[in-house]
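Single-letter residue listing:
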Amino acid sequence: MSSKAEIAVSYDLDPEFFRLWLDSRMNYTCGVFDDTDDLDTAQLAKLDILHDFAHITPETRVLDIGCGWGNNLAYLTQERGVAHAHGLTLSEAQYDDILRRDLPGVTVSCIDYRDFVPDDTFDAVQSICMIEHVCTPEEARAGRAVARYRDYFRKAWTWTSPGAHFALQTGLRDRLPRRPDEARELRWLSETIFPGGMTPRAEDLIMAAGPYWEVMQLRTRRKDYELTTTHWRTRLRANESEIRDRWGGELFATYDRYLSCCINSFARRHMTLSQWCLRRVDDPE
């Protein structure tokens, strides 16, 4: 699991920096461009899909693992009528931002998910691009990836009631880069932007989830993430002067390089994006 210090590198920058180039809801994950080229519309479409994958109704108690700045929590309670949604984050900056928003019906914990002990069970779980922080590169190289993911799915199982659904979105590793420069860029991205994290492989998640969650639907959206990161880089570059003035040229250059690497990696199938509808196995062996 990524440490609190590593999570801070990824997410504890000034939220105003991210607001300059993410969508208006502050989604730092892939949107869905099925019927649009507008980033805000695509991000709402993503939230709609994951809402349906989790079989959420207004009465559903929802847990959002890795809730970011609370955009999905706000969507659930303010636009879908959910009475209570609880978020988990390990980022102090994201936690403080959610508290500042004072969202009705929303509670949040700044905690490592492995230490979370809920007061009651949940009817649905959502996790949007958080599982990339569950297994470290060192653990994966030691052959412990499936065990780490299985513990994550087991934890989610213990927090839920029979009949619960789990909507999961995550990046996936696809084919290995053939060009040394592209391999170096991916390694730089992992170490610089998301230290301690790594994207899983689909087969590892299927093996890990099996005892606790049945895979009902799986959809990949590689081109959607290429489009999302293209939008982000366009917006970042449109705000270059302000970013350089407020946070320095090094930060702009780092994030321009990061987003360029993402665009290329999705275009060349080094990475893809997946959305999973999982149903709780109520009698695990």
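The coordinates are above.
Note that this is a predicted model, so its numbers are computed, not measured.

The first and last C-alpha atoms of helix H3 (residues 39-53) sit 21 Å apart over 15 residues, in line with the 21 Å expected at 1.5 Å per residue. Among all positions of H3, only Leu 39, Ala 42, Gln 43, Lys 46, Leu 47, Leu 50, His 51 and Phe 53 are buried. Contact partners of the buried residues in H3: helix H4 (71-79), strand S4 (122-128), strand S5 (160-173), strand S6 (213-220), helix H10 (222-238) and strand S7 (271-280). Taking the backbone nitrogen of Asp 40 as reference, a side-chain oxygen 3.3 Å away marks Asp 38 as the first, capping residue of H3. His 55, located one to two residues past H3, shows a positive phi value of around 55 degrees.

Turning our eyes to something else, we now look at the sheet that holds strand S3 (residues 106-110). On the basis of which strands lie adjacent, the open sheet formed by seven strands has the order S3-S2-S1-S4-S5-S7-S6 and mixed pairing. Of all the strands in the sheet, the pair left with one neighbour each is S3 and S6. Neighbour-to-neighbour, the strand axes of this sheet turn through a mean angle of 15 degrees, independent of strand direction. As judged from the five bridges shared by strand S1 (residues 61-65) and strand S2 (residues 84-89), these two strands associate in the parallel manner. If you follow Leu 63 over to S2, its bridge partner there is His 86. In the packing of helix H7 (residues 145-158) onto the sheet, the strands contacted are S1, S4, S5, S6 and S7, and the crossing angle to S5 comes to about 150 degrees.

Take the side chain of His 165 next. Tracing the backbone through its elements, the reader meets His 165 in strand S5. For His 165, a relative accessible area of 10% gives the class buried. Of the polar contacts made by the side chain of His 165, one reaches the backbone oxygen of Gly 163; its length is 3.4 Å.

The next point concerns the packing of aromatic side chains. Two aromatic rings, taken as a pair, are described by how far apart their centres are and by the angle between their planes. Here the structure, examined in full by the defined rule, presents 28 aromatic pairs. With centroids separated by 5.8 Å and ring planes inclined at 75 degrees, the aromatic side chains of Trp 21 and Trp 232 adopt a geometry described as edge-to-face. Here Trp 232 lies in helix H10 and Trp 21 lies in the loop between helix H2 (15-19) and H3, a separation of 211 residues in the sequence. Among the residues examined, Trp 232 registers a relative accessible area of 1% and is labelled buried. The side chain of Arg 257 reaches across the aromatic face of Trp 188, ending 4.0 Å from its centre.

Quick notes on the rules
Residues numbered from 1 in each chain as written. Predicted model: local features only at pLDDT ≥ 70, side-chain atom pairs only at ≥ 80, totals over all residues. Heavy atoms only, no water. Helix = DSSP H or I, 4+ residues; strand = E, 2+ residues; numbered from the N terminus. Expected span 1.5 Å × (residues − 1). Buried < 20%, exposed > 50% of the residue type's maximum accessible area, 1.4 Å probe, protein only. Contact = heavy atoms within 4.5 Å. Polar contact = N/O pair within 3.5 Å; in protein donor to acceptor, adjacent residues only side chain to side chain. Pairing = 2+ DSSP bridges. Axes fitted to C-alpha atoms, helices over the stretch in contact; angles between N-to-C directions. Phe/Tyr/Trp six-rings, centres within 6.5 Å; stacked < 30°, edge-to-face > 60°. Lys NZ or Arg CZ within 6 Å of the ring centre and 35° of its normal.

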